[in-house]
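Residues per chain are reported as follows:
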Amino acid sequence: MSADLLFTRVDVTQVGQTAKYTMRVLPDKVGVQQKIVIGDESGALACFGLKKGDLDSRFRTLPSGTPISRVELGGPSKGSKDAIFFASGHNIAGISRKGREFFKFETTLTEPIRNLVVEGQNIYCSGDYSFYHF
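About the thresholds
Residues numbered from 1 in each chain as written. Predicted model: local features only at pLDDT ≥ 70, side-chain atom pairs only at ≥ 80, totals over all residues. Heavy atoms only, no water. Helix = DSSP H or I, 4+ residues; strand = E, 2+ residues; numbered from the N terminus. Buried < 20%, exposed > 50% of the residue type's maximum accessible area, 1.4 Å probe, protein only. Pairing = 2+ DSSP bridges. Axes fitted to C-alpha atoms, helices over the stretch in contact; angles between N-to-C directions. Phe/Tyr/Trp six-rings, centres within 6.5 Å; stacked < 30°, edge-to-face > 60°.

Engineer: What is the right way to read unusual backbone geometry from this model?
Structural biologist: Glycine aside, negative phi is the norm for most residues, and most peptide bonds take the trans geometry. One non-glycine residue, Tyr21, lies in the positive phi region at around 65 degrees. Within the secondary structure, Tyr21 is located in the segment before β1 (23–25). By relative accessible area, which is 48% here, Tyr21 ends up partly exposed.

Structure (structure tokens):
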């Protein structure tokens, strides 16, 4: 049982150099444009929307100089994915869907953050050797 699939490439936009796990697709809401968030090595976070193949830039943060190592979705209640959280070096920041920073946390970790999970008011993160819960 073999199905012939035909794939075509469509270049949507160009961003700076990125790392693994620094792109997320925001949950789709009825009647709202699908949004994609990408963090790059310059420390900038970009959000753009796609609707019928057309690109619509939503927001872009200023480069911080520290590469973004992880982008995750979270929210105020468990299971909510309304906000964008990202780790950059030893810091964690939260940005709303509209591009406003509402959360910034400078940790006292001794290693850069590699993994990040936000569930309600809990933040779980890890580096190369340690696991942390805030």
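Okay, back to it.
Engineer: Honestly, the sheet that holds β1 in this entry has me stumped. Any pointers?
Structural biologist: Strand pairing in a sheet is mediated by backbone hydrogen bonds. Such pairs are either parallel or antiparallel. Within the open sheet, the four strands sit side by side as β1-β2-β3-β4. Their pairing is antiparallel. Where the open sheet ends on each side, the last strands, each with one partner, are β1 and β4 (54–60). Here the strands of the sheet are splayed against their neighbours by 20 degrees on average, with no regard to which way each runs. With six bridges joining them, strand β3 (residues 45–51) and β4 adopt antiparallel strand pairing.

Engineer: Just checking my understanding: could you explain the packing of aromatic side chains for this structure?
Structural biologist: Here the distance between the centres and the angle between the planes together describe a pair of aromatic rings. Using the criterion set out here, one finds six aromatic pairs in the structure. Note on Phe85 and Phe103: the rings are 6.0 Å apart at their centroids and 70 degrees apart in plane angle, and the pair reads as edge-to-face. Taken as a pair, Phe85 in strand β6 (residues 83–88) and Phe103 in strand β8 (residues 101–106) lie far apart in primary sequence, 18 residues in all. Given a relative accessible area of 7%, Phe85 falls into the buried group.

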